[in-house]
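# Per-entry structural report
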Amino acid sequence: RCHHCPHLPTRPYKKSEKPCMLSEYMQQYPLYPITLPRGSFKPKEGYKMAQIPMEGISTTKRDYIAHEVLPQKLKPPEKHVKTNESMDLTSTYKQDYNSYLVSQVPPCLPRVTRHIPSANMDTRTTYEDDYVLWNEPKTELIRRNDRFHPSEEKFDHRTVVQDDYLYRGPVATQSCKPLNLVQKSKAPFDNMTNYRVNYVPHPLEKHYVHKYEKYKVNEVPFDSLTTHKVSYKGLAGQPAKPAKPYQLKLLHDLPFSSTTEFQEKYKAWPRPPVFTKKSGVYLPPLEKMDLHTTTQIHYKHPNGKPAKMCRSLAELKKTTEPFSNSSIMKEDYKPWLCKRLKPITHAPELTFPAKPMDCLTTFQTHYVPHPLTVTKSYKPGWSGPKHHTLLDAKTIYATSYTPKGIVKCLASYKDPPGYVFEGTDADGHKLYLRASKSKHLQGGH
């Protein structure tokens, strides 16, 4: 932002509030014309229609010809002939797979071996034994010596506004308000207006009420003529000419054929006649129909009685006789004396031993623990440097690249040092020349 021009353009014919975007970058790196990319040499893929007319017959129509389909003949099911032989209820499982005596298999659990060593554990790691710290001083950080040092002078706490803009005291301004030359009269207020003097109230007239007249039927007969019939009379004019476009006559006088290309090429194939079953001629029976049903013939009620009225329970009279809790169900269907069947259980095939189980597995009985063997470490010895030499902290960056001071931008100065003010251009930019060049030009003159 320091390199941009802080001034506003001060042209005599053009004024704008936008700042000037002229900078050192825009002067050193100007814009160049943009070249458009070259066109593509890829050929255009256009669809080319075949000039040979398309044949309207498909492979299905050509290869698969419809044949005559005859009705499927169903094979009549064979009749079941009942035999007098008894069924053998044995199966191959009962014949081939015989039962054997089952013995209990001992468990195959391994024996838990716990080795508790008596020696104390060495808690030192290989990292602590092999990697020993070197006795070297701590390296200092490579930093620049251009740290900021504040000035020792006291700060006066004054701003640029306080230094440049001096207070010149109050200024006596002259009031431009016009004088009030209206003089107030001491006479009492009349309270009369032009409206009250000139506009005199007049008495209101009586409201006019319109009287509707009675409808009278017109005695003149209706002529049934409209303004269109009276004003617009039909005049003799020329007949309208047809707007149909002119069509050239065909040279040949052949009649138009009513057949199409589809009718000529795609002809219907002969279809086999559809099999239709002839229905038999209905012959009405000669005997008369008996309209009596089995219910009317067998179920008769010679001694019919009228139905009794079913009264509600609330209206029935209470009887003193005891209630008989016997029913047809209890009298006819009496419970039988049945015994509960016991379940059919087979005899146990396993014979448990009388001795108690030792709870030993095959691993505990066969695998005897052996003493542990101490393995020898084949790790190679450390062949590193054992001498105490100091590390050289000098690098190529520390020796070759020396720190440089920060150069302040000349545009931030009000009057840049080493330059002489020459003038301002039309945009308000101040132009400066180096002091050495200006002295050289003055000496040449």
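Residues numbered from 1 in each chain as written. Predicted model: local features only at pLDDT ≥ 70, side-chain atom pairs only at ≥ 80, totals over all residues. Heavy atoms only, no water.

With that settled, consider the overall build of the chain. Helix and strand content of the chain: 13 helices and two strands. For the chain, buried positions account for 2% of its 445 residues. Within the chain, residue pairs in contact and separated by at least 24 positions form 53% of the contacts whose partners lie at least 6 positions apart. By element, 59% of the accessible surface of the chain is carried by carbon and sulfur atoms, the whole surface being about 53600 Å². (Helix = DSSP H or I, 4+ residues; strand = E, 2+ residues; numbered from the N terminus. Buried < 20%, exposed > 50% of the residue type's maximum accessible area, 1.4 Å probe, protein only. Contact = heavy atoms within 4.5 Å. Areas by Shrake-Rupley, 256 points an atom, 1.4 Å probe, with all protein chains shown as cover.)

Right, let's talk about unusual backbone geometry for a bit. Trans peptide bonds make up most of the peptide bonds, and negative phi angles are found at most residues other than glycine. Even without being a glycine, cysteine 359 presents a positive backbone phi close to 60°. Looking at the secondary structure, you find cysteine 359 in the loop between α10 (328-332) and α11 (362-366). For cysteine 359, a relative accessible area of 55% gives the class exposed.

On to the pairing of strand β1 (residues 419-424). The pairing of β1 with strand β2 (residues 430-434) spans five bridges and is classified as antiparallel. The residue of β2 that forms the bridge with tyrosine 419 is arginine 434. Remark: five residues form the turn of the hairpin made by β1 and β2, two consecutive strands paired antiparallel; glycine 428 in that turn has positive phi of roughly 90°. (Pairing = 2+ DSSP bridges.)

To continue, consider the side chain of threonine 361. Within the secondary structure layout, threonine 361 lies in the loop between α10 and α11. Excluding its chain neighbours within four sequence positions, the residues that come into contact with threonine 361 are Pro107, Cys108, Leu109, Pro110 and Arg111.

What follows concerns the packing of aromatic side chains. Per the counting criterion, the structure on display carries five aromatic pairs. Each ring, one from phenylalanine 363 and one from tyrosine 367, has its centre 4.8 Å from the other, and the planes form 25°; the classification is stacked. The exposure class of phenylalanine 363 is partly exposed, given its relative accessible area of 29%. Tyrosine 367 sits in the exposed class, given a relative accessible area of 55%. (Phe/Tyr/Trp six-rings, centres within 6.5 Å; stacked < 30°, edge-to-face > 60°.)

A surface patch of nonpolar side chains, about 390 Å² in accessible area, is lined by Tyr25, Met26 and Tyr29. Within the secondary structure layout, methionine 26 lies in helix α1 (residues 24-28). (Patch = residues over 30% accessible without salt bridge, like charges linked within 9 Å, V, L, I, M, F, W, Y side chains within 5 Å. Salt bridge = Lys/Arg side-chain N within 4 Å of Asp/Glu carboxyl O.)

Attention shifts here to the pattern of salt bridges. Following the criterion strictly, the structure yields five salt bridges and no others. Close ionic contact of arginine 124 with glutamate 128 constitutes a salt bridge, the shortest N to O distance being 3.7 Å. In this structure arginine 124 comes out as partly exposed when scored by relative accessible area, which is 47%. Residue glutamate 128 is classed as partly exposed on the basis of its relative accessible area, which comes to 44%. Residue lysine 379 is joined to aspartate 130 by a salt bridge in which the shortest nitrogen-to-oxygen separation is 3.0 Å.

Before going further, it helps to spend a moment on the confidence of the model for the chain. On average, the chain scores 77 in pLDDT, and the residues at 70 or more come to 85%. For the chain, per-element mean pLDDT is lowest for helix α13 (residues 435-444), which scores 56, and highest for helix α8 (residues 261-265), which scores 86. In the model, residues 440-445 has pLDDT below 50 throughout and makes zero contacts with residues more than four positions away in sequence or in other chains. (pLDDT = per-residue confidence, 0-100.)

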